[in-house]
Amino acid sequence: MKPLRATALDAAAFAPFGEVIEAGAATRQFPINQGSTVRYHDLARIDPGEDGHAIVSIFRAQPRALPFEVSMLERHPRGSQAFMPLSGRPYLVVVAPPGERPATENLRVFLARADQGVNYAAGVWHHPLLALQAESDFLVIDRAGPGANCDEITLDEAVYIDLG
Ligand SMILES: NC(=O)N[C@@H](O)C(=O)O
Ligand code: NI
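In the annotation of an unreviewed UniProt entry, the entry for the protein reads Ureidoglycolate lyase, and the organism field reads Pseudothauera nasutitermitis. Database annotation for the protein, UniProt heading Subunit (unreviewed entry): "Homodimer." Word for word, the UniProt comment on the protein under Catalytic activity (unreviewed entry) is "(S)-ureidoglycolate = urea + glyoxylate".

What follows is the structure in structure tokens.
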């Protein structure tokens, strides 16, 4: 089966799944700190759910070999999950719309630049972190709190993904 090719990540294409965290996607930006800094304001909304709280972690991810076989997806029904790359390398984002079981044809594969983060909205199906090229760190903001917050499913048919 031909691999599913990644397309460049952009805010509009990613909107059904959450937000893209990048200065260029800001709807509001303004100078602060006596003009020494520009604030790219309100790029994403962290959703810890009613009974959770937001936490900040760092994920140190090993690079994935390509083409990569996607055979499972996960979702966090109780809160959002944001990733911001810290190591200056691109990475892959695989998502599918919320719902009970995503159809393989609804998978979307994005190549995120080193200056782009993503914030998965609660319930959005996604593949666990897919770093590329070398070991990479990511700042992660997601929910801690009571109750299970990670549903996993095995896809009816595995899909290979690769760069565009
Ligand atoms: N397991 C974990 O915290 N990470 C995943 O949710 C992921 O999306 O990488
Ligand atoms: Ni996740």
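Let's pick the thread back up.
Describe the overall build of the protein, with residues and values.
The helix and strand tally for the protein stands at 1 helix and 15 strands. Rg of the C-alpha trace for the protein: 16 Å, near the compact-globule value of 15 Å for 164 residues, within the 12% margin. Referenced to the eigenvectors of the C-alpha coordinate spread, the extents of the protein come out at roughly 55 × 35 × 30 Å. Taking all 164 residues of the protein together, 38% fall into the buried category. Contacts spanning at least 24 positions in sequence make up 83% of the contacts within the protein whose residues lie at least 6 apart. Counting every atom, the protein has about 8,500 Å² of accessible surface; 52% of that belongs to carbon and sulfur.

Just give me the short version of the packing of aromatic side chains, but keep the residues and values in it.
For any pair of aromatic rings, the description consists of the separation of the ring centres together with the inter-plane angle of the planes. Tallied over the entire structure, the rule returns 7 aromatic pairs. A ring pair is formed by F14 and Y120, whose centres lie 6.2 Å apart and whose planes are at 45°; its orientation type is tilted. Here F14, found in helix α1 (residues 11-14), pairs with Y120, found in strand β11 (residues 117-120); they are 106 residues apart in sequence, far enough to count as distant. Geometrically, the ring pair formed by F59 and F83 is edge-to-face, given 5.7 Å between the ring centres and 80° between the ring planes. Pair noted here: F59 is in strand β6 (residues 53-61) and F83 is in strand β8 (residues 81-85), with a separation of 24 residues, a long-range link.

Give me the side chain of Q81: which residues, what numbers.
If you trace the backbone, Q81 turns up in strand β8. You can call Q81 buried: its relative accessible area is 5%. Of the polar contacts made by the side chain of Q81, one reaches the side chain of H76; its length is 2.9 Å. With sequence-adjacent residues up to four places away left out, Q81 is seen in contact with F59, E74, H76, V118, N119, Y120, H126, V140, I141 and D142.

Rules of the game
Residues numbered from 1 in each chain as written. Chains lettered and ligands numbered in written order. Predicted model: local features only at pLDDT ≥ 70, side-chain atom pairs only at ≥ 80, totals over all residues. Heavy atoms only, no water. UniProt positions renumbered as here; feature names shortened; annotations may be inferred. Helix = DSSP H or I, 4+ residues; strand = E, 2+ residues; numbered from the N terminus. Rg over C-alpha atoms; globule rule 2.2 N^0.38 Å. Buried < 20%, exposed > 50% of the residue type's maximum accessible area, 1.4 Å probe, protein only. Contact = heavy atoms within 4.5 Å. Areas by Shrake-Rupley, 256 points an atom, 1.4 Å probe, with all protein chains shown as cover. Phe/Tyr/Trp six-rings, centres within 6.5 Å; stacked < 30°, edge-to-face > 60°. Polar contact = N/O pair within 3.5 Å; in protein donor to acceptor, adjacent residues only side chain to side chain.

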